[in-house]
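# A structural walkthrough
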Amino acid sequence: MACVLRRLLALLPLLLVLVLAPGAGAQPGPLAPWLEARAREHRSWLEESAQVRSGPMGLWREWASKEPMLPGFVPPTSLAPLIRAVEAGVVNITVNLSREPLSGLARASNTGSGFILTPDGLVVTNNHVVVRGDVEAREITVRLSDGREFPAEVVGRDKSTDVALLRLRGQGVSGLPAVYLGDSDKLEVGDWVVAIGSPFELDHSVSHGMISAKERVIGVGPFDDFIQTDALINPGNSGGPLFNMRGEVVGVNTAIISQGQGIGFAVPINMVKDLLPNLRKNGQLQRGWLGVKIDERSQQGQQRAAVVQDVYRESPAAAAGIRTGDQVVAVNGRQVDSYQQLLRRVAMLAPGTEAKLTLLRGGVTQDVTVKLSARPSQEVLEALSSPGNLADLGLLLRDISPEVAAPLGLQPYEGVLVSGVLPRTAASHAGLRPGDVVTEVNRRKVKDIAAVKGALQRGAGAAVLIRVQRGDVQQYVTLEP
């Protein structure tokens, strides 16, 4: 009966067309497009019906066709070919730590994993593999999968990202089996991954799993941006590679949650790529500085955006023409969706690096080139952002309000308080100190910062004569801008 009904339903579109179609020589009526659309829908329904089988009373569906239900999905049958292709690039690392009087450590050791980055012997691992607390490695031995051992030295390391770069030494350090690096930005939750390392000193142990989450913040440092995976990671896996199904390294296995199982974390390889030139050149993370304050606004529902709230004077951003209200959408072509992403992208680049920033200004996208500088000290940053900033003179001033005056034993509004002096400036050369009170500028009495700036504008470009009170002593000081 079901077979007969299916055949009748299959003929239904043809019967409708024969009944309602116009005769020979007649013009197609307005129903023709509607009939064609219904016929296409019916054919599609028949094709799907041939692949789906319903359970009793239609309570569930089963896939009856031999064709795959999920186009493009091919379940893996064995990871052995992938592992054979990449495992030679994975190394075991043994570290002997130097003796420190305060640490009480003598011949203490660390073990971990790593991977060969270049055929001439650069190796990536974790910072905590080569350092324990403040105790640095005295001897590092790297063992390859074929049993060869090489001494190694630290080229550079960074605690905030937990990444270290080593160089192998000795004869035979050439033509080594280096791995390939992938693109961690393209990872998706559910992608298959493989971890290879030496957990509990069990060389070249393999575990597999999937990407459980991305951009995890676990409180390790300011650049937290971890890949979470359920591929088993144990002590000794630290510094080892996390491979995708193309055999590319997409992460550096770094951390676990001791109270849980199947919860491991890896540093994204794209962050490592940004960091490696810095480590190789400087030995540590010399952070680039852009010179903006960011307002992380919500755009289009849940989407975040890095919008410039303020631009520091004389900063790389100011020199590049970046303005308040600009939205930073990419750094060197890599998308930026939040303040944290912008911080990571910029801080990984060394001072002096030229970076291309993509901005959204007034609905129009444009690119600007910024030459990053070294991040100034906190004192200098406060001075540059303070309303009492006199950067040309090296002074940071503050109005003497009643709240400021009381704890300092001063009289309100009887001058302007020097709250900071920038190093290597006219103010520091003249011997000014925090706590001094400026009472006159160019022979004009001043009671607030606005009066100081007004007096300076009248004599712009010339030497500045100020009268300073320090305790019970008053003196005149000349500042050269």
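Let me begin by describing the structure that accompanies this report. Computed from a prediction, not measured in an experiment: that's the story for all the values here. (Residues numbered from 1 in each chain as written. Predicted model: local features only at pLDDT ≥ 70, side-chain atom pairs only at ≥ 80, totals over all residues. Heavy atoms only, no water.)

### Considering the nonpolar core
The condition that has to hold: Among buried residues, those of type Ala, Val, Leu, Ile, Met, Phe, Trp, Tyr and Cys that are joined through side-chain atoms within 4.5 Å constitute a nonpolar core. Think of it in three bands: residues with accessible area under 20% of the maximum for their type are buried, residues over 50% are exposed, and the middle band is partly exposed, with areas taken using a 1.4 Å probe on protein chains only. Helix and strand assignments follow DSSP, with helices taken as H or I runs no shorter than four residues and strands as E runs no shorter than two, numbered in order from the N terminus.
Counting residues in hydrophobic clusters, the biggest one holds 31 residues, and the most contacted among them are F115 and F243. Elements with a minimum of two residues in this core: α3 (80–86), β5 (122–125), β9 (163–168), β11 (192–197), β15 (248–256), β16 (264–268) and α5 (269–282). Here this core gets six residues from one element, more than from any other, and that element is α5.

### A word on a nonpolar patch on the surface
Here is the rule: Residues forming no salt bridge and having over 30% relative accessible area are the ones grouped into patches, like charges within 9 Å of each other and nonpolar side chains (Val, Leu, Ile, Met, Phe, Trp, Tyr) within 5 Å. Per-residue and other accessible areas follow the Shrake-Rupley method at a 1.4 Å probe size, with only the shown protein chains counted as cover for residues. Salt-bridge detection follows one rule: a side-chain nitrogen of Lys or Arg within 4 Å of a carboxyl oxygen of Asp or Glu.
On the surface, a nonpolar cluster with roughly 660 Å² of combined accessible area is contributed by W63, M69, L70, F73, W192, M210 and M245. Relative to the assigned elements, W192 resides in strand β11.

### Brief notes about the pattern of salt bridges
All told, the structure shown has 12 salt bridges when counted by the stated rule. The closest approach of N and O atoms between E136 and R157, which form a salt bridge, is 2.9 Å. Here R157 lies in strand β8 (residues 149–158) and E136 lies in strand β7 (residues 135–143), a separation of 21 residues in the sequence. Overall, the relative accessible area of 41% leaves E136 in the partly exposed class.

### Considerations on α5
Operational definition: Between the first and last residue of a helix there are one fewer steps than residues, each counted as 1.5 Å, and that sum is the expected span.
Relative to the 20 Å expected for 14 residues at 1.5 Å per residue, α5 spans 20 Å between its end C-alpha atoms, a close match to the ideal helical length. Listed as buried for α5 are I269, N270, M271, V272, L275, L276, N278 and L279. G283 sits one or two positions beyond α5 and adopts a positive phi of about 80°.

### Focus: the pairing of β5
Inclusion rule: For two strands to be treated as a pair, DSSP must find no fewer than two bridges joining them.
Of the two faces of β5, the one holding L122 and V124 and the one holding V123 and T125 are both buried throughout. Between strand β4 (residues 109–116) and β5, which pair antiparallel one after the other, the connecting turn spans five residues, and G121 there sits at a positive phi close to 110°. Across four bridges, the pairing between β5 and β9 is antiparallel. Counterpart to L122 in the pairing with β9 is R167.

### Notes on the packing of aromatic side chains
Geometrically, a pair of aromatic rings is defined through the distance of the ring centres and the angle of the planes. We apply this condition: Pairing of aromatic side chains requires ring centres within 6.5 Å, counting the rings of Phe and Tyr and the six-membered ring of Trp. Pairs whose planes differ by under 30 degrees are stacked, by over 60 edge-to-face, and all others tilted. In our convention, an over-ring charge means Lys NZ or Arg CZ found within 6 Å of a ring centre and within 35 degrees of that ring's normal.
What the rule picks out here adds up to two aromatic pairs. Between F226 and F265 the ring centres are 6.3 Å apart and the planes differ by 70°, which places this aromatic pair in the edge-to-face class. Highlighted residues: F226 in strand β13 (residues 226–229) and F265 in strand β16, separated in sequence by 39 residues. Residue F265 is classed as buried on the basis of its relative accessible area of 4%. Between W289 and Y312 the ring centres are 5.5 Å apart and the planes differ by 50°, which places this aromatic pair in the tilted class. Linking W289 in strand β17 (residues 288–289) with Y312 in the loop between β19 (303–311) and α6 (316–319), this pair joins segments that are 23 residues apart in sequence. Both residues of the pair, W289 and Y312, belong to the buried class. Between R443 and the ring centre of Y476, over which it is positioned, the NZ or CZ distance is 4.9 Å.

Geometric descriptors of this kind do not, in isolation, establish any biological role.
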